[in-house]
Amino acid sequence: MPIFKPDIETMGREELLELQNERLQIVVNQAYSNVDFYRRKFDEVGLNPDDLKSLEDLKRIPFTTRKDLMENYPYGMFAVPLRDVVRLQFPLGLYGNPIVIGYTREDLKIWRELVARIMVGVGLTEHDIIQVAFNYGLFLGAVRFNQSAELIGAAVVPTSIASAEVQVRIMQDFRSTALASTPSFALHIIEAMGKKGIDPRTLSLKIGLFGAESWPEGVRQAIEENLRIKAYDIYGVMELVEPGVAGECVARAGLHIFEDHFLPEVIDPQTGQVLDSGQEGELVITTLTTSAYPLLRYRTSDVTSLHTERCSCGRTMARMDRVFKRTDEMISVRGINVFPEKIQEVLATIEGIGPSYSMDVAEKSGMNDRLKVRAEAREDILEGKEERKIVLQEVVQLALRRALGLRVEVELTKRA
Amino acid sequence: MLKIRNIDAFFGNIQVLRRVSLHVGAGEIVSLIGANGAGKTTLLNVISGLHPTRNGSKIFMDVETRGWKPEKIVARGLIQVPETDKVFNPLTVMENLEVGAYSRRRAGTKLPQEIEAIFQLFPILRERKDQLAGTLSGGERQMLALGKALMGRPKLLMLDEPSLGLAPTIVAEIFRIIQSLNGRGTTILLVEQNAREALRISHRAYVLDTGRIILAGTGGELLSNDEVKRAFLGKDYRGKWER
């Protein structure tokens, strides 16, 4: 089975743990001496970085949360001077204060390699033509496919948000062999093909890489049957790299986490206790090689479990189960992350609307397709002129669209 | 081949190494770079048993060597070429090479052949074989030091600043020799001030700063690392962490 970096991806577990330990000590040295936030956190709990002697000691390091990243916006979490940073990324869809993630040249180089590992792991080669139908504007990781494909010599067709019809046309004309998109967009393409009566056997597609939202096995089956491809799950964390933290291999026995760069733990989200492998809990990640934006024990809010036995593909890197649950309220609608807190914040800015609201997601094949927000409105608005109501409804809709990057249906309701 | 875990080292009450961990794989050239006083030489001395360490572990060829006497470590194939006093000045070149084989004195009597092999590697030493080491030039002394170390049949060769004080052409020659030794199967741990050259020939490297490892990576990665450039490669060094 194809492996991009066999010496690393199949190294003995013991050797891997030694490497992680060495790298953990280095990242802690860097974080402690260069990031005030970490120094403060360590000092608060009376932890001296020199006390961290083994991976066992990892659990003495306090967790880092999304709130910490927001509070230290913009550059408080950076461990290198700004002039070493070559990219600043600003994930959309976050509530409250935004966050900004910096990457040095080396960070980007590593990231590029990790996505290449995923590509090679599912059988992509220089002979492939990869059609990338992620939204390049909203999904910051989309551009990563270009660079990683170039690394393995494959060709990229960044079709981005072209309509399903255009996507299919390009698949036919260019003979694309792989599709990278959100699973919901893949379903949308299938629908368009159905309407036009296009037989998937006339396409050259073999492989699909899907991510940025959770997708049940039923959806996988539907995609595989209707596009006649093998569909693989990829995983990332927008505060680190997305995609590129983990990916399925051809064995499809979970997603291999790139443990030479990310140290995974699974914890009980309530108590913070570290759980044994196989037990389900919140994924916590410590970056081992990130220069610009090192994260120590970052709580991802994603629920999964870890498995460390060697995979039948030969890789020794731990596997995580596919993520279907979150510990927070975030939902994903057509691949776009929506934090309910953000909706609340938007409603609060509009006179006469909110603060209470309810959300409704319309499901299609087990995936969130449309978002409807029922916002409470003041009585005089509801009972006033119809035009005023419609205008206000549009104002809310526009504000939500701007804040979430997603079209939202809005209904104004009576206050409870 | 060598696995260092959580090594601390002190001069009196002053801690000069803080839980240093690193590894050197068989066949690698690994270099250790860092400013003066970062603890590089102390780390080599700890590894070779010259400097005591209170804790941590240093596993050489699968055996824990903490607490071992230097001669026992040398006999196992870990040989250090120190920064200074690397040859015996009052002895001839030939005698120095013979002394180099001291740790293997019971190994047999193939010395003349082995010395011949060293002469092939360093032809200049053959010309100087009866000369006292103290009369050699800097470059020749460094070659003799390498030759003497090779007589001990090192599995891991630790070189402390082999380019120090040498003319640029000789420096290039020394680095070429180090690479060729590595090509013949000798694993090398190299301490260097000349970071650029060291990183260029290294498979991997570590950066030591005030007793702690603060960076690691392949030679190429560190050569292009901005922090390394500022601190060691002479690119507008203005204090490492200015923002």
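What counts, and where the lines are drawn
- Residues numbered from 1 in each chain as written.
- Chains lettered and ligands numbered in written order.
- Predicted model: local features only at pLDDT ≥ 70, side-chain atom pairs only at ≥ 80, totals over all residues.
- Helix = DSSP H or I, 4+ residues; strand = E, 2+ residues; numbered from the N terminus.
- Rg over C-alpha atoms; globule rule 2.2 N^0.38 Å.
- Buried ≥ 20, exposed ≤ 12 C-beta atoms within 10 Å, placed from the backbone.
- Contact = placed C-beta atoms within 7 Å.
- Nonpolar A, V, L, I, M, F, W, Y, C, P; charged D, E, K, R; others polar.
- Pairing = 2+ DSSP bridges.
- Axes fitted to C-alpha atoms, helices over the stretch in contact; angles between N-to-C directions.
- Parallel < 35°, antiparallel > 145°, perpendicular 65-115°, else oblique.
- pLDDT = per-residue confidence, 0-100.
- Arc of directions from axis to C-beta.

### Describing the overall build of chain A
Then, number 1: Helix and strand counts for chain A come out as 12 helices and 20 strands.
Then, number 2: Since a compact globule built from 416 residues should have a radius of gyration of about 22 Å, the 22 Å found for chain A is in line with a globular shape.
Then, number 3: Principal-axis analysis of the C-alpha atoms places the extent of chain A at approximately 70 × 60 × 40 Å.
Then, number 4: With 416 residues in all, chain A has 44% of them scored as buried.
Then, number 5: Of the contacts formed within chain A by residues at least 6 apart in sequence, a portion of 67% connects residues at least 24 apart.

### Section: the overall build of chain B
Then, number 1: When its secondary structure is counted, chain B shows 10 helices and 10 strands.
Then, number 2: Computed over the C-alpha atoms, the radius of gyration of chain B is 18 Å, within 12% of the 18 Å expected from 2.2 N^0.38 for a compact globule of 243 residues.
Then, number 3: Contacts spanning at least 24 positions in sequence make up 64% of the contacts within chain B whose residues lie at least 6 apart.

### Description of the interface of chain B and chain A
Then, number 1: Of the residues lining the interface, 20 residues belong to chain B; the matching set on chain A comes to 18 residues.
Then, number 2: Looking at the side of chain B that touches chain A, the elements with two or more residues in it are strand 1 (2-11), strand 2 (14-24), strand 10 (212-218) and helix 10 (226-232) of chain B.
Then, number 3: Here the side of chain B that touches chain A is composed, by residue class, of six nonpolar, five polar and nine charged.

### Regarding the sheet that holds strand 20 (residues 408-414) of chain A
Sheet strands pair via backbone hydrogen bonds, and the direction of the pair is either parallel or antiparallel.
All names here are of chain A.
Then, number 1: Taken together, three strands build an open sheet; the order of strands is 18-19-20 and the sheet is mixed. One side of each edge strand has no neighbouring strand; the edge strands of this open sheet are strand 18 (353-364) and strand 20. Neighbour-to-neighbour, the strand axes of the sheet open up by a mean angle of 25 degrees, direction not taken into account.
Then, number 2: Running at roughly 135 degrees to strand 20, helix 12 (residues 386-404) makes contact with strand 18, strand 19 (367-377) and strand 20 of the sheet.

### A word on the packing of helix 7 (residues 164-174) of chain A against helix 8 (residues 183-196) of chain A
Residue and element names in this part refer to chain A.
Then, number 1: Remark: helix 7 packs on helix 8, axes separated minimally by 9 Å, with the N-to-C direction vectors making an angle of 80 degrees. In terms of orientation, helix 7 lies roughly perpendicular with respect to helix 8. Judged by residue contacts, Ala164, Glu165, Gln167 and Val168 of helix 7 engage His188, Ile189, Ala192 and Met193 from helix 8.
Then, number 2: Looking at the contact of helix 7 with helix 8 residue by residue, the class counts come to five nonpolar, two polar and one charged.

### What about the sheet that holds strand 10 (residues 262-267) of chain A?
All names here are of chain A.
Then, number 1: If you walk across this open sheet you meet the four strands as 10-11-12-15, and the pairing is antiparallel. Since the sheet does not close on itself, it has two edges, and those belong to strand 10 and strand 15 (325-326), each with one partner.
Then, number 2: Sheet topology places strand 11 (residues 281-287) next to strand 12 (residues 298-304); four bridges connect them, and they run antiparallel. Each residue of the ladder has a partner; that of Val284, found in strand 12, is Arg299.

### Regarding the confidence of the model for chain B
Residue and element names in this part refer to chain B.
Then, number 1: Across chain B, the average pLDDT comes to 89, with 94% of residues at 70 or higher.
Then, number 2: For residues 235-243, every residue scores under 50 in pLDDT, and the model assigns this stretch 13 contacts once sequence neighbours within four places are set aside.
Then, number 3: Reported confidence for the predicted complex is 0.86 by ipTM and 0.89 by pTM.

### Some details on helix 3 (residues 93-100) of chain B
All names here are of chain B.
Then, number 1: Along helix 3, the positions that sit buried rather than exposed are Val93, Asn96, Leu97 and Gly100. Across the axial projection of helix 3, the buried residues extend over an arc of 100 degrees, all falling on one side.
Then, number 2: Those residues of helix 3 that are buried lie in contact with helix 4 (111-121), helix 5 (123-127) and helix 6 (138-151).

### Focus: the pairing of strand 12 of chain A
Residues and elements named next belong to chain A.
Then, number 1: Of all seven residues that make up strand 12, five are buried, and the element is covered over most of its length.
Then, number 2: As judged from the two bridges shared by strand 12 and strand 15, these two strands associate in the antiparallel manner. If you follow Val303 over to strand 15, its bridge partner there is Lys325.

### Things to note about the pairing of strand 4 (residues 57-60) of chain B
Residue and element names in this part refer to chain B.
Then, number 1: Residues Lys58 and Phe60 point to one face of strand 4 and are all buried, whereas Ser57 and Ile59, pointing to the other face, are not buried.
Then, number 2: Across four bridges, the pairing between strand 1 and strand 4 is antiparallel. Bridging across to strand 4, Lys3 finds its partner in Ile59.
Then, number 3: Two successive antiparallel strands, strand 4 and strand 5 (residues 63-64), enclose a turn made up of two residues, where Met61 displays a positive phi of approximately 50 degrees.

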